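# Results of the structural survey
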Amino acid sequence: MTDDLGLPGRRELPPEVLDNLRMSLREGMGKPVRRRRPIVAAAAAAVVLVLAGALVTAVLIREPDRPGPVVANPDFSLDWPKAVAAMDRCWAAIQKRGRAADFPARDEWVPRFTVSPAWTQVTVVAITADDKPFFCETTLMTATVSDPAAVPVYTRGARTAALFATPAGTVAGIADPDWPKLEVTGKNDDSSSVMETAIFRPGNLFVHLGSMKVSRTTYSVGPTPGEQSRPNEYQAPYLLPPAPEPAVSSIDRPVSPVPERATPAGEFFKTCTEGASEALPDADAYQVGALLEVDDVKVVAARSGDRAVVCQGGIGYRAGQNEYYRTFPDLPKSPGAIHTLRTETVGRVDQDGNSVKPRNSYVGVVPEAAAVVKLDFGTGKTVDATVGAGTFGAWVPDDVSRDYENAKVGITVLDAAGAILHQGTLPLY
């Protein structure tokens, strides 16, 4: 019949197009009612078929990178490809765990907004279905979903509740409808944070994506007080009760081969990342590289694709009495970029409480083919850096320049055959 009418033949719509159609229909139709009223459900299905048939030609000719529906709230955005990919992974994890009966059907999920900052590999999608909000988080390796049936535990004196919390640093939930914006403060034994978080309406949803480990952090919330300064150790006025456990959390994309941990560098990386108060999503995906050690402290660099991290610590980090660790994730750089990584001064006190000389490490990223890295700190002597897995590290010598704006370090990078891969300078500070 299609041949007689000159119409294109029947073809399957891509999943993202079907999701787009469903969301557009639901936005105009309101809450689906087919479970309660079969007659209305049949009519709705007919509308879907008619609209899908009418839009097939338009879908076929549209640009493939055209964005999905635009989020009306200006403080939020919906990255449609990321949302669809994340929801598909979360749904697959739900099915694999045998929890599909506890969730709305996948075709009922309506993504409201996404949170996926450049400094992390985490993507969070806020979803509604059957008027219930829930959240889907994906990382390089994991898929985690909140429980749509979870009962909110509100703060005392306000109507804010956490519905979702993950090891990657996500805290998400519903905010007091009377608050214009949400302020989230976090505090643990090692650090504290203050972050303003927008509230998505309708629904009063929020997603706070921070750098602190949720399991070690106490969170407080409140309405944003504006641009005024906060005192040291400031905490928002309402203590946020812990979120319910996620309904599903799965390593759905394990890395292969598994990075080596049975080495001094690998063992310290594991100890350091587990001991640090900062969250490091997908820590098991990092290939461990250069390791430095002095006066009861260690510094290690590691890479995962275009991302790199430094983890450092030990007994001789702060007061010399307790082990202390920190991680310093790096923003992703272009492939092959040679650059330094952020570190912190270590030393000062050994495990016996004796004062020792503070030490500064100089750590960075080089091509994975690098076998030798020579550094010139301007002291008249070349330093051979420790090299591994596309990273290098060396202790900064004494008597280097204190010109914090202009001081440079000469760097020469060689491969295993002695060929020069790079020669140039990097900032000292």
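One can find the structure itself at the top, above this paragraph.
These numbers come from a predicted model, not from an experiment.

About the cut-offs
Residues numbered from 1 in each chain as written. Predicted model: local features only at pLDDT ≥ 70, side-chain atom pairs only at ≥ 80, totals over all residues. Heavy atoms only, no water. Helix = DSSP H or I, 4+ residues; strand = E, 2+ residues; numbered from the N terminus. Expected span 1.5 Å × (residues − 1). Buried < 20%, exposed > 50% of the residue type's maximum accessible area, 1.4 Å probe, protein only. Arc of directions from axis to C-beta. Contact = heavy atoms within 4.5 Å. Pairing = 2+ DSSP bridges. Core = buried A, V, L, I, M, F, W, Y, C linked by side-chain atoms within 4.5 Å. Polar contact = N/O pair within 3.5 Å; in protein donor to acceptor, adjacent residues only side chain to side chain. Salt bridge = Lys/Arg side-chain N within 4 Å of Asp/Glu carboxyl O.

Over its 12 residues, helix H5 (residues 264-275) extends 16 Å from the first C-alpha to the last, a length consistent with the 16 Å expected when each residue adds 1.5 Å. Burial in H5 covers these residues: Ala265, Gly266, Phe268, Phe269, Cys272 and Thr273. All buried residues of H5 lie within an arc of 165° about the axis, which places them on one face of the element. Elements in contact with the buried residues of H5: strand S13 (287-294), strand S14 (297-304), strand S15 (307-314) and strand S16 (324-329).

Both faces of the sheet carry side chains from a regular strand, because those side chains alternate between them. In terms of burial, strand S18 (residues 361-365) is a largely internal element, 5 of the 5 residues being buried. Burial along S18 is two-sided: the residues Ser361, Val363 and Val365 and Tyr362 and Gly364 are all buried. Direction of pairing for strand S17 (residues 339-340) relative to S18: antiparallel, over a ladder of 2 bridges. From the neighbouring strand, His339 faces S18, where its bridge partner is Val365. The pairing of S18 with strand S22 (residues 391-395) spans 5 bridges and is classified as antiparallel.

For the rest of this paragraph, the subject is the environment of Pro223. You can see Pro223 is positioned in strand S10 (residues 218-223). Assessed through its relative accessible area of 31%, Pro223 is described here as partly exposed. Among residues more than four places away in sequence, those in contact with Pro223 are Trp179, Lys181 and Tyr238.

Mapped onto the secondary structure, Pro329 falls in strand S16. Expressed as a C-alpha distance, the spacing of Pro329 and Leu280, which sit 49 residues apart in the sequence, is 7.7 Å. The residues contacting Pro329, other than those within four sequence positions of it, are Leu280, Ala308 and Val309.

By size, the foremost hydrophobic cluster in this structure holds 21 residues, and its most contacted members are Ile94, Phe103, Trp109, Ile127 and Phe134. Listing elements by their share of this core, those giving two or more residues are helix H4 (80-96), strand S2 (123-129), strand S3 (132-138) and strand S4 (142-145). No other element matches the 9 residues that H4 contributes to this core. Excluding residues within four positions of it along the chain, Ile127 makes contact with Met87, Trp109, Val110, Pro111, Lys132, Pro133, Phe134 and Cys136. In terms of nonpolar packing, the next biggest core, distinct from the first, is built from 19 residues, Val366, Ala385, Val400 and Leu426 among them.

Relative to the helices and strands, Arg89 resides in helix H4. Residue Arg89 is classed as buried on the basis of its relative accessible area, which comes to 11%. Separated by 2.7 Å, the side chains of Arg89 and Asp252 make a polar contact.

Moving on: the pattern of salt bridges. Per the stated rule, a full pass over the model turns up 10 salt bridges. A salt bridge links Asp102 to Arg99; its shortest N-O distance comes to 2.5 Å. Since its relative accessible area comes to 40%, Asp102 is described here as partly exposed. Arg99 sits in the partly exposed class, given a relative accessible area of 24%. Salt-bridge contacts for Lys270 lead to Glu274; the nearest nitrogen and oxygen are separated by 2.8 Å. Of the two residues, Lys270 and Glu274 both sit in helix H5, 4 residues apart, roughly one turn of that helix.

To continue, consider unusual backbone geometry. The omega angle of the peptide bond from Arg201 to Pro202 is 5°, so this bond is cis rather than trans. Looking at where Pro202 falls in the secondary structure, it is placed in the loop between strand S8 (192-197) and strand S9 (205-209). Here Ala389, not a glycine, exhibits a phi torsion of approximately 50°, which is positive. Along the chain, the position of Ala389 falls in the loop between strand S21 (386-388) and S22.

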